[in-house]
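Listed here are the chains, written in short residue letters.
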Amino acid sequence: MRKIAGEASPLSSYPLPTAGRRASYVRMTPRPSRGAVFAASILIGLLTGSCRREPTPLALPDVARAAQVEDTALFQHTPIGAPVEGRPWIAHVSAADLDRDGHTDVIACEARENKVVWLRQTSPGNFEETTLAADMRAPVHAEAVDIDGDGDLDILVASMSVIFPDNDKIGTLFILENDGHQHFTKHIILENVARVTDVRAGDFNGDGKLDLAVGQFGYDQGEVQWLERVGPWAFMSHNLLNLAGTINVVVADFNGDHAPDIAAIVSQQWEEIHFFQNDGKGNFQGRVLWGSTNEDYASSGLTVGDLNRDGKPDLIFTNGDGFGPASIPGPRPWHGVQWLENLGSGNFRFHRIGNLAGAYSPVCVDLDGDGAMDVLAISAFNDWEKPESVSLMWFKNNGDMTFAPHVLAHTPTHLLTAAVGDFDGSGQVSFITGAMHAYPPYNYIGRLELWSRPKP
């Protein structure tokens, strides 16, 4: 059985054929293609090329209708990095102390300018921007990890090559090898494949070497796969799923067997969360954890966090892609934030956290320091002609796993990606946002912003 968007009840999962280390994993009962006119859709968070059918109205639960609290004085924002020129396309930001100097830095993907940049925190709250790699062809995700085990942080980069819909095999996966002094050598790990949207590291076969989980959006054809490390910069590909529309893949030990598993969010006409359970030797059993029957559900982002602090990693995901049958992109009434509660042994329960038009890039964080984990989310697709439209929302955990929506900002608009950390040296949570201005209006253009609490 499939769950309709907005329902909060125990999940039903249905199994799919086992995917072994040399086997393919194919969904058993695919839905018919939408057959609708394809909209020029941007994966934003990781960008989409999805096509939408006329939306079906959904009845949202009362828990998602909580009154919003205006809390716009809680954080102040400051532009960081290079000045704004034109209309920035920041596709991803992540936090990492790249030079190991004790200050949290920012790594960002500029998809329009085809480069990955490093914003080094030179002193509390002050950043110096340099380009780590150019000619990357629409990078949309960058992850810092010591992939070669030499003690410094390398960077995994997912490249779509083209943001707008494209069926060509143009995706590329790069690793930027750090020499220990923040000089990087580019290695092409995967190329001439469906557009790559995400890459994460994990030792999936238990051999002590980090492998890679890869999501490929493609357009009509996409994929989830894991790449087995077979040499210093050589990997062997193992297919897990053949479906277009993968936005994010995430890695965690979801069932407590000490082997890293993989989860993926798949949009296009599927609108599903897929789970790939690892036996510790690189053999994966896949199934659908949750899916919406609304083909305009607009999946937009997936992350991992222990939201209820029970020691088991949960899945938090957003739906907020605003391209659709309408000629002007914008919000849908069912856009918002969801939580798949990890019940153990590979079982999950769906909860609606709250509404947010154009929701993207969920982050699990205790924002107010009260010991309860909250959720931060941003909006890429809202009605930006209206000044009351929300660009940044804090879903405050009331302590009983219900969430109160607090509006943190109405501008800048078109926010696509966010990362949390101590970016201002205060010891408190601060965060970075990146904006992608891919459609009008262009009234409140931002690029990279530091959000921190006002100083007394």
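Keep in mind the model is a prediction, meaning the values are calculated, not measured.

### As for the packing of aromatic side chains
(1) Moving on: Under the defined criterion, the tally for this structure stands at 15 aromatic pairs.
(2) Moving on: Aromatic pair F204 and W226: ring centres 5.9 Å apart, planes at 70°, arrangement edge-to-face. Taken together, the positions of F204 in the loop between β12 (196–202) and β13 (211–216) and W226 in strand β14 (residues 223–231) put the pair 22 residues apart, joining distant regions of the chain. Taken individually, F204 and W226 each receive the classification buried, so the pair is uniform in this respect.

### Remarks on the sheet that holds strand β15 (residues 234–241)
(1) Moving on: The antiparallel open sheet is built from four strands, whose spatial order is β12-β13-β14-β15. The strands lining the two open edges of the sheet, one partner per strand, are β12 and β15. Taking each pair of neighbouring strands and ignoring which way they run, the sheet shows an average axis angle of 25°.
(2) Moving on: Across six bridges, β12 lies against β13 in antiparallel orientation. Bridged to G202 within β13 is D211.

### Observations regarding the pairing of strand β27 (residues 403–409)
(1) Moving on: With seven of seven residues buried, β27 lies mostly within the body of the structure.
(2) Moving on: Relative to β27, strand β2 (residues 69–70) is paired through two bridges, and the arrangement is parallel. If you follow E70 over to β27, its bridge partner there is V407.
(3) Moving on: Taken together, the six bridges between strand β26 (residues 392–397) and β27 define a ladder with antiparallel strand orientation. Counterpart to L392 in the pairing with β27 is A409.
(4) Moving on: The turn joining β26 and β27, which pair antiparallel and follow one another in sequence, is formed by five residues; a positive phi near 100° is taken by G399.

### Observations regarding the environment of W290
(1) Moving on: Structurally, W290 is set in strand β19 (residues 284–291).
(2) Moving on: Sequence separation of W290 and I265 is 25 residues, and the distance between their C-alpha atoms is 9.7 Å.

### Quick notes on unusual backbone geometry
(1) Moving on: A cis amide bond links T411 to the next residue, P412, at an omega of -5°.
(2) Moving on: Within the element layout of this structure, P412 appears in the loop between β27 and β28 (415–421).
(3) Moving on: Geometrically, the link from P440 to P441 is a cis peptide bond, its omega value of 5° lying close to zero.
(4) Moving on: Residue placement: P441 occurs in the loop between β29 (430–435) and β30 (448–452).
(5) Moving on: With phi around 55°, A138 is a residue other than glycine that occupies positive phi space.
(6) Moving on: In this structure, A138 sits in the loop between β7 (126–133) and β8 (139–145).
(7) Moving on: When its relative accessible area of 2% is taken as the criterion, A138 is described as buried.
(8) Moving on: Here the phi dihedral of S345 falls at roughly 60°; this positive angle occurs in a residue that is not glycine.
(9) Moving on: Within the secondary structure layout, S345 lies in the loop between β22 (336–344) and β23 (347–355).

Here is what the cut-offs are and how they apply
- Residues numbered from 1 in each chain as written.
- Predicted model: local features only at pLDDT ≥ 70, side-chain atom pairs only at ≥ 80, totals over all residues.
- Heavy atoms only, no water.
- Phe/Tyr/Trp six-rings, centres within 6.5 Å; stacked < 30°, edge-to-face > 60°.
- Helix = DSSP H or I, 4+ residues; strand = E, 2+ residues; numbered from the N terminus.
- Buried < 20%, exposed > 50% of the residue type's maximum accessible area, 1.4 Å probe, protein only.
- Pairing = 2+ DSSP bridges.
- Axes fitted to C-alpha atoms, helices over the stretch in contact; angles between N-to-C directions.

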